[in-house]
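These are the residues of each chain, in order.
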Amino acid sequence: MLAISVLRERIATFEAPADPNAVVPIVVGGGISINDLRKNLRDLNEHMDRECSSSEARYGMVLDASLITGIDPPPEVESALAAINTAHNMVSSDVSLAQATADQRIEQSKRAAEIETLKAQAEVQPLVSLASQLVDLKATGEGALRAYVRNVRLGLFGNAQQAVLETKR
């Protein structure tokens, strides 16, 4: 009975190390979760060994520590624990799925932006090339530029099915 009291005292004063990925706890008594106790069985066993080794001096009798291999929740909270763990797993799954979807959309947006940038560059390139050629033609003389413009107009008129001409009055 004394060993049970020592164990109860340790559980009552137990403080688990901070865990940022901790599952929503089922709290026992004064704020200790069953999950924390389960994760830290080794610490509990070591504490029981230390307490039992000093039991003769403290209680006048030798206590023999037992190995704690598992801690089960009280029956009245077992189904609640299962429901909470299930809900937590579902939420974690939904969050992971949402994150994956968001990451996928970000990548798709990046690719779409790259494609549109490449399309714009492809449309600009012929215009830049034409501007460079026109500058070169203009440098060779006014007649060369006028001849080029006349030849381009003739080509356009040759391909057109209809032409509207402006008449001077």
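Residues numbered from 1 in each chain as written. Predicted model: local features only at pLDDT ≥ 70, side-chain atom pairs only at ≥ 80, totals over all residues. Heavy atoms only, no water.

Structural notes on the confidence of the model for the protein chain
- Summing up the model confidence of the protein chain, the mean pLDDT is 81 and the portion of residues at 70 or higher is 82%.
- Averaged pLDDT values over the elements of the protein chain bottom out at 49 in strand 1 (residues 27-28) and peak at 92 in helix 5 (residues 75-140). (pLDDT = per-residue confidence, 0-100. Helix = DSSP H or I, 4+ residues; strand = E, 2+ residues; numbered from the N terminus.)

Points about the pattern of salt bridges
- Evaluated as defined, the whole model comprises 3 salt bridges.
- Its salt-bridge partner being Arg42, residue Glu46 comes within 3.7 Å of it at the nearest N-O pair. Of this pair, Glu46 and Arg42 are both found in helix 3 (residues 41-53), 4 residues apart, which corresponds to roughly one turn of the helix.
- Glu107 is the partner of Lys110 in a salt bridge, and the nearest nitrogen-oxygen pair spans 3.6 Å. In this pair, Lys110 and Glu107 are both assigned in helix 5, 3 residues apart and thus about one turn of the helix distant.
- By relative accessible area, which is 46% here, Lys110 ends up partly exposed. (Salt bridge = Lys/Arg side-chain N within 4 Å of Asp/Glu carboxyl O. Buried < 20%, exposed > 50% of the residue type's maximum accessible area, 1.4 Å probe, protein only.)

Here we look at the nonpolar core
- Ranked by size, the top nonpolar core spans 6 residues in total: Leu37, Leu41, Leu44, Met48, Ile68 and Ile71.
- When residues in this core are grouped by element, the largest group, 3 residues, is from helix 3.
- For Ile71, the contacting residues outside a window of four places in its chain are Ile34, Leu37, Arg38, Leu41 and Leu44. (Core = buried A, V, L, I, M, F, W, Y, C linked by side-chain atoms within 4.5 Å. Contact = heavy atoms within 4.5 Å.)

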